[in-house]
Amino acid sequence: MGEFGNRVAVVTGGARGIGKAIVRLLHQNGCAVTVLDSDKQTGKVLEKEFDGCRFLAADISDFAQVQKAVRAVYEKNGRLDFLVNNAGITGDGLIVRMREEDWDRVLAVNLKGAYNCIHACLRYMLKCENAAIVSISSVVGETGNAGQANYAASKAGLIGLSRSVAKEVGGRGIRVNVVAPGFIHTEMTDDLSDEIRASYLARLPMKREGTVEEIAAVVSFLLSERSSYITGQVIGVNGGLYP
Ligand code: NAI
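None of the values given here were measured: they were computed from a predicted structure. (Residues numbered from 1 in each chain as written. Predicted model: local features only at pLDDT ≥ 70, side-chain atom pairs only at ≥ 80, totals over all residues. Heavy atoms only, no water.)

Participant: Which parts of the structure should I look at to understand the site of the ligand?
Facilitator: Around the ligand sit 27 residues, and of these R16, D37, N86, Y151 and K155 come closest. D37 has a polar side-chain atom sitting 2.6 Å from an oxygen atom of the ligand. One of the backbone nitrogen or oxygen atoms of S38 is found 3.2 Å away from a nitrogen atom of the ligand. Contact with the protein chains covers 93% of the free accessible surface of the ligand, which is 840 Å². Elements that contribute at least two residues to the shell around the ligand include exactly α1 (17–28), α4 (100–125) and α6 (149–169). For the shell around the ligand, the class distribution of residues is 12 nonpolar, 9 polar and 6 charged. (Near = heavy atom within 4 Å. Polar contact = N/O pair within 3.5 Å; in protein donor to acceptor, adjacent residues only side chain to side chain. Areas by Shrake-Rupley, 256 points an atom, 1.4 Å probe, with all protein chains shown as cover. Helix = DSSP H or I, 4+ residues; strand = E, 2+ residues; numbered from the N terminus. Nonpolar A, V, L, I, M, F, W, Y, C, P; charged D, E, K, R; others polar.)

This is the structure we're talking about:
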């Protein structure tokens, strides 16, 4: 049955990349996972790949869509234990040239999306014991990054959001933590030029990209009772690329 037998999770952006690795690990450990993702085509493939896993098409920046999807998860499973706020986008550009729509969209998905999901899930999580939320920030949420003011602001915002919610719901036994990945090998990073990749790697003490499995392992730990006294924390998984 696995560590998460009988437990129910919502993972946003689980159709690919880091989110998919999180789905795989939770599913392997017996968790009933529902993926909320805007990518209908890739998302549907998940239900075939992971038996019992459910996919719901939703844009997490849309309050009403998230409320509806999360209610459907609760109605189907009768409980909701875990939320992983993983979906995220970039819209890079130097601040003087950054278009208002790029600022708004990145904040809407990365930060308001997390608010939407936390708001929708908490009422059901309050009914469970040992519920937990993990949000995926980024090392640049702590360091800042030229050309990513919107992304860095959204990822820093996730930390403030999570620490506030941790204080609000800690007394109800719900833990809220953040994972801040560094440079992780995904389809997105496959597109980087050799030059940019080399410049990242040169700054990395461990001299290699992280893997999606290395992020999933920490997320799984933070959801599990193995981390029962950890809340309001930001765990860097970054190969030594300290803020
Ligand atoms: P990805 O781009 O491969 O996957 C993101 C997923 O989110 C996709 O399935 C996409 O369809 C979904 N998504 C995007 N917008 C959505 C929306 N409005 N509603 C619902 N779903 C939506 O990204 P990756 O690389 O797997 O990253 C996952 C998370 O980790 C993101 O929050 C990203 O910012 C963060 N991160 C990634 C790093 C990396 O090196 N790959 C480093 C640090 C943080």
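Participant: Please clarify how the packing of aromatic side chains should be interpreted in this entry.
Facilitator: Each aromatic ring pair is specified by the distance between its two centres and by the angle formed by the two planes. This structure, assessed with the given rule, holds 4 aromatic pairs. When the centroid spacing of 5.3 Å and the interplanar angle of 75° are considered together, the rings of F4 and F82 count as edge-to-face. Of this pair, F4 sits in the segment before β1 (8–12) while F82 is found in strand β4 (residues 82–85), placing the two residues 78 residues apart along the sequence. For F4, a relative accessible area of 2% puts it in the buried group. A centroid spacing of 4.3 Å and a plane angle of 15° characterise the contact between Y74 and Y124, whose relative ring orientation is stacked. Taken together, the residues span a long stretch of sequence, with Y74 in helix α3 (residues 63–77) and Y124 in helix α4 at a distance of 50 residues. We note R123 situated over the ring of Y124; from NZ or CZ to the ring centre the distance is 5.8 Å. (Phe/Tyr/Trp six-rings, centres within 6.5 Å; stacked < 30°, edge-to-face > 60°. Buried < 20%, exposed > 50% of the residue type's maximum accessible area, 1.4 Å probe, protein only. Lys NZ or Arg CZ within 6 Å of the ring centre and 35° of its normal.)

Participant: Mind showing me how you'd approach the packing of α4 against α6 here?
Facilitator: Put simply, α4 and α6 touch, their axes get as near as 8 Å, and they point 15° apart. Between α4 and α6, the angle is such that the two are roughly parallel. Note on packing geometry: the crossing formed by α4 with α6 is right-handed. Of the residues in α6, those touching α4 at D102, W103, V106, L107, N110, L111, A114, Y115, I118 and L122 are A149, N150, Y151, A153, S154, K155, G157, L158, L161, V165 and V169. Split by residue class, the contact of α4 with α6 holds 15 nonpolar, 4 polar and 2 charged. (Axes fitted to C-alpha atoms, helices over the stretch in contact; angles between N-to-C directions. Parallel < 35°, antiparallel > 145°, perpendicular 65-115°, else oblique. Left-handed = near helix turned anticlockwise from the far one by under 90°. Contact = heavy atoms within 4.5 Å.)

Participant: Looking at this model, I keep getting lost on the pairing of β1. Mind explaining?
Facilitator: Where a strand is regular, its side chains alternate between the two sheet faces. Counting buried residues along β1, 5 of its 5 residues qualify, which places the element largely inside the surrounding structure. Burial along β1 is two-sided: the residues V8, V10 and T12 and A9 and V11 are all buried. Inspection of the sheet shows β1 paired to strand β2 (residues 32–37) by 5 bridges, in the parallel sense. Bridging across to β2, T12 finds its partner in L36. (Pairing = 2+ DSSP bridges.)

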